[in-house]
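Secondary and tertiary structure notes
Each chain, written out:
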Amino acid sequence: MRHYEAMIILDPELQESSLGATIEKLLKVIPADGGTVDNVDIWGRRRFAYEIQKKTEGYYAVVDFHAEPATTKELDRQLGLNESVLRVKILRPDAK
């Protein structure tokens, strides 16, 4: 299993109280394929430097997880299909 970090930007129209449950629902593919979600850090609502899909702000979340590369591809695909997700960036942090 490899260590990954995902930055997810969600639609500002979502209710802030249900943000944690929404992110948990989006990440259910990781434990289903044998991976682990280590940490979910919700940064809250932030303003964009430029418009994304005609929106000027969104909810940011950073997720640390361990998974197989195939699981990561499937997660990226599913997040791309979800309309409440504005942007996703998944990367492998430097091993130190």
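Residues numbered from 1 in each chain as written. Predicted model: local features only at pLDDT ≥ 70, side-chain atom pairs only at ≥ 80, totals over all residues. Heavy atoms only, no water.

**Comments concerning the pairing of strand β1 (residues 2-10)**
One ladder, built from 9 bridges, connects β1 with strand β3 (residues 55-67); its direction is antiparallel. Paired with Ile8 across the strands is Ala61, a residue of β3. Examined bridge by bridge, β1 and strand β4 (residues 85-91) share 6 bridges and lie antiparallel to one another. Its bridge partner being in β4, Ile9 is matched across the sheet by Arg87. (Pairing = 2+ DSSP bridges. Helix = DSSP H or I, 4+ residues; strand = E, 2+ residues; numbered from the N terminus.)

**Here we look at helix α3 (residues 69-81)**
Compared with an ideal rise of 1.5 Å per residue, which puts 13 residues at 18 Å, α3 spans 19 Å between its outermost C-alpha atoms and is within 8% of the ideal. Listing the buried residues of α3 in full gives Thr71, Thr72, Leu75 and Leu79. Down the axis, α3 shows its buried residues gathered within 100 degrees of arc, on one side only. Relative to its buried face, α3 has exposed residues pointing more than 90 degrees away, namely Ala70, Lys73, Gly80 and Leu81. Check the buried side of α3 and you find it contacts β1, α1 (19-26), α2 (29-32), β3 and β4. (Expected span 1.5 Å × (residues − 1). Buried < 20%, exposed > 50% of the residue type's maximum accessible area, 1.4 Å probe, protein only. Arc of directions from axis to C-beta. Contact = heavy atoms within 4.5 Å.)

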